[in-house]
Amino acid sequence: MFFTQVLNGLQLGSIYALVALGYTMVYGIILLLNFAHGDIIMVGAYVSWLVMAQLGLHPVLAIILSVAACTLMGVLIDKVAYAPLRNAPRLSILITAIGVSYFLENGAQLVFGADAKVVPAYTDIQTIQLGGLALSFPSVLTVLVTIVATVALTIVVQKTKLGKAMRAVSEDMGAARLMGINVNTTISFTFAVGSALAGIGAVLYAMAYTQANPTMGMMLGTKAFVAAVLGGIGSIPGAVVGGLLVGFAEVIVTALNLSVWKDAVVFLLLIIVLVVRPTGIFGRTMNEKV
Amino acid sequence: MEEEVMTEKRPIISAGGGPRLEGAARKTLPMPVRYAINAVVVLVLLVLGELMIDGGVVNRYQSTVLEQVGIYIILAVSLNIATGYLGQLPLGHAGFMSMGAYGCSIFIIRMSEALGVGARDFVTGTPLALALVLGGLVVGGICASIAGIIIGIPALRLKGDYLAIITLAFAEIIRVVMLNIDDVVGFDLTGGAAGLTGIPGYSSFLLVFGCVAVVCFLTHTMMKSRHGRAILAIRDNEIAAEATGVNTTYYKTLAFVVSAFFAGVAGGLYAGCVGVLQPAVFGFMKSIEILVMVVLGGMGSMLGSALSATVLTILPEALRAFSEYRMIAYAIVLILVMIFRPQGLLGSYDFSLSRIIERVMNRDFPWARRAEKGDEAAKEVGADA
Amino acid sequence: MFENVSRRNFLQVSAAGVALLGLAGCNGSNYSAGGSEGGSGSIKVGIMGPHTGDNSSYGLACLNGAQLYFKQLNEDGGVNGKQIEPVVYDEKGDATEAVNAYNRLVQEDGVTGIVGDVTTGPTIAVAQASVADNMPCVTPSATAADVVTYGSNYFRACVTDPEQGRVMANFASEQGYKNVATLYLSGSDYSEGVNAAFCEEAEALGITITSQQSYAEGDVDFKAQLTNIIATNPDAILVPNYYQDDGMIVNQARTQGYDKVFLGVDGWSGIYGGSENYAEAANLHDCYYCCAFSSSNESETATAFVEAYEAEYGEAPTNFCALGYDAAMVLANGLAAAEEAGLEPGSEDYKQAVIDGIASGTVEGVTGSISYEGTGDPIKSSLIITFAEDGTEETFEVLEA
């Protein structure tokens, strides 16, 4: 039972971590809390449903199209809603982000209805045997993909030219522009990478929980955001640690038979961390200028 | 990119008007007269509304919608204190509202049992019932402001986005507590998921709009006072405000608590209007709904908040066919307003009756001024030619 | 570049926008009036429920059922030769909007009876508001015990949460389950109500409740709770919630190796074979739930209803559709009594006659025979439904009232 609960925590935490990575990247570069990030996952899950259940196409195509749709969606949202507000007060962008999230949720409800849609299975493998233990395949895959995605993301940010540009823009947008970095392309790239991760998250989510509904992104997004803040927003390892922390917190509370207080505990954890260490576990402090 | 403050220039609430006439020629109204005029106007409106309801010109459906308009006006005006005046973005206003709603209705239910006040007394309005309702509203407000203090002191050490998210988290915690508190205390307090029922229908047009008038008056006077200017200074530049000796923590908490108190009063009125409370009602969506009203109306404008609360409450009622698209329209409006007019419909403009009266007294009319300008322009053209 | 939109410009543009919306609304508002051209020989009846928003699937199902009944009734000549004219309002699942819709139905449309509301919170709000008017109302599906306690004017077509909990506890006892665990939705009056009643009754019957677990709205991962439950080795798990969550719970439990019994209540209706299959057919073995109606029921009235419903809407009816249909039937029965007495529609006597007619009458609904004994709670039969190997529903047992 202990081992099963550990795996439960790992899987839940991994999905939170994948989503939290997207939050962290976008925040790191333009200091925007992208409220719509959770809803991008919803879009990805619906695309999978459309491709497999409605068009009857191959699961691999569904995965590719889901990730592509999320990536495109992320960039599009940035170009349409956030780019015109690049120099506006932070409050305005934040409210816009809430508007975008609201738009996606209610749009999906209008188009697809409030009832959940069932995403067909991507694969027939349900469990894998490991030394006499039957492990749920989606759980194991989720954990593995999260590890791979985090490592890949770290390499992209640390080693590639675009990654270097991203770091430069997040350090000082004005100076980066003077150094000849195309700031808008870099920001678009950040949104693309973050949203692609959300797309992968969507596929893993749909594989494990098999349902897509218009408001699925809301709680997932909020919890993942909590994870990002816990870990220190703007930090890649922070997002992963935060995600796992939230996942394990939920599982521990449930295992203690206190499941009614689960959400309260997660949010309380957030409040405590923010009060004690406002920048999160791995976050950097930023000085404020007049 | 560093933390940016609101860049556009804002007048301190509505102190400015048009350009002032020079010299002693301008006639002004003394303050007591201004207050008296406004009080009379409000009273006349209240009595007129009550007469229309009693006379049957306005039916119960319309008067209930009017009550809800009033409740949303209080909510929007109170959120405006924290958003428009203080420049923060709390996303948990529904949490304060629910604290007030539960506090007020539990107080009224328990006390009316203890004092033997029947449900009918609330409708007919016996003095004891009226006292109970007013007491309940204050209790509701106090419950909400206690929540405001608990959240405010740690939250206000944080800035912008962090504050937004911590208020969101706190509102969620309030919701979970409301759901499960009965098991902890061991007796029926909030009724949990099944909801708190049997709340007497004590909200009436007169009570709701009386509260609206009081809330607007108190907000207005607070913002015109030293405290209000301190709050505006924090919004415009927190570091500079601190450097000039404003106790930022104190004033941020003050604004937050006042905002929560009024939200609690609105919650109490809501409970009396609907008659049943379920924690699920006071979710994130409710907070956003109130935020949309403030943002649309103009952050920092009391008139704007009140107007957009009115429009956004009546519009879906008037256009039932539109209701399917209501949510999506809210979202689009929110985005468009932020892109094209981030300061909202009315910006920080506020309506002032005394200012209009003063203009009339001074014969300072917009059309007169426009005509003057026209003359000047004509002269210039003439000079060029 | 955008910052230069002035207040005056903005106001002008917004005013134009509002005016346009207003025009659009005027064109579209006939929808809600539902063909108000009905002459003096018609009876206006309100139907309300959540037709948009999160609970819209239940509200729309009830609406379809009720409208189908009124349509059939009108084709058969109506009540006392008068046509029924339904007025439909959407309350979006919100108690405030429900009170508004109720007031509007009564004050502006002048209805003589209401089918609604659908979910518990808004229904309680309407029930409290309707007492003063003594307005006859029949809710198809609000199951909380409170709903009918405010006045004699409120009736329901379904059985209560506690009743469903007791039915399932008795079923569990009959089947000889000794240890039962529960997994309910915290924050839902429906789920918590059933869970509490089930646990009380089951313990009285000598069943051990091994574990009571809960989850929150929007949760999709139930593995931690299920791990806890499976560790207590129960004979059966009660899952008293709606089909979307139930489907995920059943799937996840089966993946975790639980192959024993699931017990459910009427929220399970639609878990398989409806618009979507929320659980896999292979996982639905040993699942039993109680409800009022299943399209697998072979009684004559039920079969006729299924055919008529499919012809009208092109899909199989759910439990909610049947309850909407029956609620409309109960109300029409009361209206018929008042019409026979020859009373003036809208008068206090007329309303009281409708209420008396409902209270004393018996209707043969598609969810079984419905009668009332002094309260707004019906005396009616329940079905226990189980699933065949291919996932189709089968009637396991009919429990007479």
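Bear in mind that the values here come from a model prediction, so they are computed numbers and not experimental data.

Draft legend 1. Structural context of the environment of S186 of chain C. Take S186 of chain C: it is sitting in the loop between β6 (179-185) and α7 (189-204). The exposure class of S186 of chain C is buried, given the 23 C-beta atoms found within 10 Å. Remark: the alpha-carbon pair of S186 of chain C and A216 of chain C, spanning 30 residues in sequence, is separated by 5.4 Å. Residues contacting S186 of chain C, with those up to four places away along its chain left out, are V260 of chain A, L179 of chain B together with S214, Y215 and A216 of chain C.

Draft legend 2. Geometry of the interface of chain C and chain A. Taken together, the contact between chain C and chain A spans 28 residues of the former and 29 residues of the latter. Mapped onto the side of chain C that touches chain A, the elements with two or more residues apiece are α3 (56-75), β7 (208-215), α8 (223-231) and α9 (243-255) of chain C. Broken down by element, the side of chain C that touches chain A gets its largest block of residues, six residues, from α8 of chain C.

Draft legend 3. Fine view of helix α13 (residues 326-340) of chain B. Taking 1.5 Å of rise per residue, 15 residues should cover 21 Å, and α13 of chain B covers 21 Å from first to last C-alpha, within 8% of that figure. For α13 of chain B, the full list of buried residues reads M327, Y330, A331, L334, I335, V337, M338 and I339 of chain B. Looking at the buried positions of α13 of chain B, the neighbouring elements they touch are α3 (59-82) and α4 (90-112) of chain A together with α11 (284-297) of chain B.

Draft legend 4. Structural context of helix α5 (residues 137-159) of chain A. All names here are of chain A. With 23 residues, α5 should cover 33 Å at 1.5 Å per step; its first-to-last C-alpha distance of 32 Å lies within 8% of that length. Buried residues of α5: P138, S139, L141, T142, V143, T146, A149, T150 and L153, and no others. In this structure, the buried residues of α5 make contact with α1 (2-30), β3 (133-136), α8 (183-209) and α10 (236-255).

Draft legend 5. Structural detail: the packing of helix α2 (residues 37-54) of chain A against helix α9 (residues 216-231) of chain A. Residue and element names in this part refer to chain A. Interaxial distance between α2 and α9 falls to 7 Å at its minimum, and their mutual angle equals 135°. When the axes of α2 and α9 are compared, the pair comes out oblique. Crossing hand, α2 versus α9: right-handed. On the side of α2, the interface is formed by H37, G38, D39, I41, M42 and A45, while α9 contributes M216, G217, M218, L220, G221, T222 and A224. Residue classes in the contact of α2 with α9 are distributed as seven nonpolar, five polar and one charged.

Draft legend 6. Expanded view of the nonpolar core. Among the nonpolar cores identified, the biggest contains 355 residues, and A45 and A227 of chain A together with I74, A76 and L334 of chain B are the most heavily contacted of them. Both domains that furnish three or more residues to this core are identified here as domain 1 (7-159 + 302-380) and domain 2 (162-291) of chain C. Apart from residues no more than four positions distant in its own chain, I74 of chain B is found in contact with C211, V212, V215, F262, V265 and A266 of chain B.

Draft legend 7. Highlighting the interface of chain B and chain A. Contacts between the two partners involve 37 residues from chain B, matched on the other side by 38 residues from chain A. Every element with two or more residues in the side of chain B that touches chain A is listed here: α6 (160-185), α9 (238-243), α11 and α13 of chain B. When grouped by side-chain class, the residues that make up the side of chain B that touches chain A number 28 nonpolar, four polar and five charged.

Draft legend 8. Highlighting the sheet that holds β6 of chain C. Residues and elements named next belong to chain C. Spatial strand order, β7-β6-β8-β9-β10-β14-β15: seven strands in an open sheet with mixed pairing. What marks the edges here is a single partner per strand, and that holds for β7 and β15 (393-399). For this sheet, the mean inter-axis angle between neighbouring strands, taken without regard to orientation, is 25°. Along the sheet, helix α6 (residues 161-174) contacts β6, β8 (236-238), β9 (261-264), β10 (287-291), β14 (382-387) and β15; its crossing angle with β10, the most-contacted strand, is approximately 140°. Packing of α7 onto the sheet brings it into contact with β6, β7 and β8, and relative to β6 it is tilted by some 165°.

Draft legend 9. Up close: the sheet that holds strand β13 (residues 378-379) of chain C. All names here are of chain C. Spatially, β11-β12-β13 is the arrangement adopted by the three strands of the open sheet, whose pairing is antiparallel. Edge positions in the open sheet fall to β11 (362-365) and β13, since each of these has one partner strand only. Here β11 runs beside strand β12 (residues 368-372); their pairing, made up of four bridges, is antiparallel. Considered in β12, the bridge of G365 is made with G368. Sitting on the sheet, helix α11 (residues 319-340) touches β11 and β12, and the angle it makes with β11 is about 150°.

Criteria and cut-off values
Residues numbered from 1 in each chain as written. Chains lettered and ligands numbered in written order. Predicted model: local features only at pLDDT ≥ 70, side-chain atom pairs only at ≥ 80, totals over all residues. Helix = DSSP H or I, 4+ residues; strand = E, 2+ residues; numbered from the N terminus. Buried ≥ 20, exposed ≤ 12 C-beta atoms within 10 Å, placed from the backbone. Contact = placed C-beta atoms within 7 Å. Expected span 1.5 Å × (residues − 1). Axes fitted to C-alpha atoms, helices over the stretch in contact; angles between N-to-C directions. Parallel < 35°, antiparallel > 145°, perpendicular 65-115°, else oblique. Left-handed = near helix turned anticlockwise from the far one by under 90°. Nonpolar A, V, L, I, M, F, W, Y, C, P; charged D, E, K, R; others polar. Core = buried A, V, L, I, M, F, W, Y, C linked by C-beta atoms within 7 Å. Domains from an automatic or database assignment. Pairing = 2+ DSSP bridges.

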